[in-house]
Amino acid sequence: MARKRQPSKQMCRLLESLSKTQGEWRHGYDLMKVTGLLSGTLYPLLMRMTEQGLVEAEWREPSQHGRPARHAYRLTSAGVALARDLAGSAPGQPFKGALA
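The structure displayed is predicted, hence computed values, not measured ones.

Thresholds applied
Residues numbered from 1 in each chain as written. Predicted model: local features only at pLDDT ≥ 70, side-chain atom pairs only at ≥ 80, totals over all residues. Heavy atoms only, no water. Pairing = 2+ DSSP bridges. Helix = DSSP H or I, 4+ residues; strand = E, 2+ residues; numbered from the N terminus. Contact = heavy atoms within 4.5 Å. Axes fitted to C-alpha atoms, helices over the stretch in contact; angles between N-to-C directions. Salt bridge = Lys/Arg side-chain N within 4 Å of Asp/Glu carboxyl O. Buried < 20%, exposed > 50% of the residue type's maximum accessible area, 1.4 Å probe, protein only. Expected span 1.5 Å × (residues − 1).

(A) Seen up close, the sheet that holds strand β3 (residues 70-75). If you walk across this open sheet you meet the three strands as β1-β3-β2, and the pairing is antiparallel. Looking along the sheet, the strands with just one partner apiece sit at the ends: β1 (26-27) and β2 (55-60). Sheet contacts for helix α1 (residues 9-20): β1, β2 and β3; angle to β3, the most-contacted strand, approximately 90°. Those strands touched by helix α3 (residues 39-51) are β2 and β3, and its axis lies near 115° from that of β2.

Pasting the structure below:
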């Protein structure tokens, strides 16, 4: 039987940040700055959320010549639903940000 766990406060912070810009691709460095999460917390969390189907990731070509390609992330529909569920907002309403 699968155990249903409450998301960690770090995951809630990340869900809140990603849900504020639904549909937009965000880079990990930007997410680190906004959420205050360190890379050792953020990137494993993003990988886990991707495996769970809450976040999708894709390689993005650099915007400046000579820079490396980077991963970009955004919420899937399941991630948006979880964020709304955790924030207690109804579908179609913006994220309340009540996850702090």
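(B) The arrangement of the pattern of salt bridges in detail. Counted according to the given criterion, the structure contains three salt bridges. Residues Arg 26 and Asp 30 are paired through a salt bridge, measuring 2.6 Å at the closest nitrogen-oxygen approach. Under the relative-accessibility criterion, Arg 26 is labelled buried at 9%. A salt bridge links Glu 56 to Arg 74; the shortest N-O distance between them is 2.8 Å. Of this pair, Glu 56 sits in strand β2 while Arg 74 sits in strand β3, placing them 18 residues apart in sequence.

(C) Spatial organisation of α1. Given a rise of 1.5 Å per residue, twelve residues ought to cover 16 Å, and the 17 Å separating the end C-alpha atoms of α1 matches this to within 8%. Turning to α1, its buried residues are Met 11, Cys 12, Leu 14, Leu 15, Glu 16, Ser 17, Leu 18 and Ser 19. Elements in contact with the buried residues of α1: β1, α2 (28-35), α3, β2, β3 and α4 (77-87).

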